[in-house]
Amino acid sequence: MKPTNVLSSDMPGPKVYNPWWGDTSNMKMKGVTTYSLSPFRQRATKNMFSGWLFNGYKRLASQMPYWIVPFAAGYGIYSWAKSRDAWNNSKAGHVALHGSH
């Protein structure tokens, strides 16, 4: 007597377009190209520090005008406001602004 084959609970096989609950491992998609590199060819930290010394300095130096000018303006406004607040809360400031202490 020959046993019957067990059904695979109606799961689609590789010839069916719609995969089972989002499984795309059996399906080739049109227009999608996937590239990979062997893990033996990848060198993630090659020239990391020497590359930073030259390229990192060049990149930071090129960005300096964009963050030094706003920082200097902000610090100037902060120091002016701090000294103005100290003068307004002093005895000389009270006399100058209100006429008497």
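Source: prediction; values computed, not measured.

Summing up its helical and strand segments, the protein chain has two helices and zero strands in all. Within the span of the protein chain, comprising 101 residues, buried residues form 2% of the whole. On the protein chain, roughly 10400 Å² of surface is accessible, and the fraction owed to carbon and sulfur atoms is 62%.

Under the UniProt annotation, the feature "transmembrane region" (unreviewed entry) is placed at residues 64-81. Here residues 64-81 runs as 100% helix and 0% strand, with 25 Å between its end C-alpha atoms.

Our focus in this paragraph is a nonpolar patch on the surface. A surface patch of nonpolar side chains, amounting to about 490 Å² of accessible area, comprises W52, L53, F54 and L60. Here W52 lies in helix α1 (residues 48-88).

What counts and what doesn't
One numbering rule holds for all chains: residues counted from 1, following each sequence as written. Local features in this predicted model are restricted to residues of pLDDT 70 or higher, and side-chain atom pairs are both shown and tallied only at a pLDDT of 80 or more, whereas totals for entire chains, interfaces and linings draw on every residue. Note that the side-chain values use all heavy atoms of the structure and ignore hydrogens as well as water. Helix and strand definitions here come from DSSP, where helices need a minimum of 4 consecutive H or I residues and strands a minimum of 2 consecutive E residues; each element is numbered from the N-terminal end. Exposure is judged per residue with a 1.4 Å probe applied to protein chains only, and the accessible area is read against the type maximum: over 50% gives exposed, under 20% gives buried, and values in between give partly exposed. In these tables, accessible area is a Shrake-Rupley quantity obtained with a 1.4 Å probe, and a residue counts as shielded only by the protein chains included in the view. UniProt positions are given in the numbering used here, feature names are shortened, and annotations may be inferred rather than shown by experiment. Patch membership requires over 30% relative accessible area and the absence of a salt bridge. Like charges are linked within 9 Å, and nonpolar side chains (Val, Leu, Ile, Met, Phe, Trp, Tyr) within 5 Å. Basic side-chain nitrogens of Lys or Arg form a salt bridge, by our definition, when they fall within 4 Å of a carboxyl oxygen of Asp or Glu.

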